[in-house]
Amino acid sequence: QVQLVESGGGLVQAGGSLRLSCAASGSIFSINAMGWYRQTPGKQRELVATITRGGSLNYADSVKGRFTISRDNAKSTVYLQMSSLKPEDTAVYYCNAMFFNGRDYWGQGTQVTVSS
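This section reports on the structure supplied with the text. (Residues numbered from 1 in each chain as written. Predicted model: local features only at pLDDT ≥ 70, side-chain atom pairs only at ≥ 80, totals over all residues. Heavy atoms only, no water.)

## What about the packing of aromatic side chains?
At step 1: Evaluated as defined, the whole model comprises two aromatic pairs.
At step 2: A centroid spacing of 5.0 Å and a plane angle of 75 degrees characterise the contact between tyrosine 37 and tryptophan 106, whose relative ring orientation is edge-to-face. Linking tyrosine 37 in strand β4 (residues 31–39) with tryptophan 106 in strand β10 (residues 104–106), this pair joins segments that are 69 residues apart in sequence.
At step 3: On the basis of relative accessibility, which here comes to 36%, the residue tryptophan 106 falls in the partly exposed class.
At step 4: For the pair phenylalanine 99 and tyrosine 105, a centre-to-centre distance of 5.1 Å together with 50 degrees between the ring planes defines the contact as tilted.
At step 5: The exposure class assigned to tyrosine 105 is buried, which follows from its relative accessible area of 13%. (Phe/Tyr/Trp six-rings, centres within 6.5 Å; stacked < 30°, edge-to-face > 60°. Helix = DSSP H or I, 4+ residues; strand = E, 2+ residues; numbered from the N terminus. Buried < 20%, exposed > 50% of the residue type's maximum accessible area, 1.4 Å probe, protein only.)

## Remarks on the pattern of salt bridges
It is possible for side chains of opposite charge to pair when their charged atoms get near one another.
At step 1: Throughout the structure, instances matching the rule amount to four salt bridges.
At step 2: As a salt-bridge pair, aspartate 89 and arginine 38 come within 3.0 Å of each other at their nearest N and O atoms. Note that aspartate 89 is positioned in the loop between β8 (77–82) and β9 (91–99) and arginine 38 in strand β4, a separation of 51 residues in sequence.
At step 3: Judged by its relative accessible area of 1%, aspartate 89 falls in the buried class.
At step 4: We classify arginine 38 as buried; its relative accessible area is 7%.
At step 5: Note that aspartate 89 is salt-bridged to arginine 66, the shortest N-O span being 2.7 Å. You can see aspartate 89 sitting in the loop between β8 and β9 and its partner arginine 66 sitting in the loop between β6 (57–59) and β7 (67–72), a full 23 residues away along the chain. (Salt bridge = Lys/Arg side-chain N within 4 Å of Asp/Glu carboxyl O.)

From the geometry alone we can't say anything about function, so treat these as descriptive.
If you want it as structure tokens, here you go:
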């Protein structure tokens, strides 16, 4: 089992930047990939970016070149640096941790609002 605590959401103007953090605790050595997903009302949760323990990266096309995911294995923390934010990036952002056995866990979510 793992607990995920997110921070860093908020309100920002279009073109601005925010950094999200997600700290994991518990069975951290069972974690393979960590990542960020987002969801808006009435829509399915969608992938934003993921990073594996070995450093392999995956980004949604909509955020490539604007968002950067990174991971500090020593701190069991994953970060999402978001730049050139657009109003369509407004969503609740969720941290995800996937175990090597395929089981995954979610954070409580943090709101990101980008004003035009």
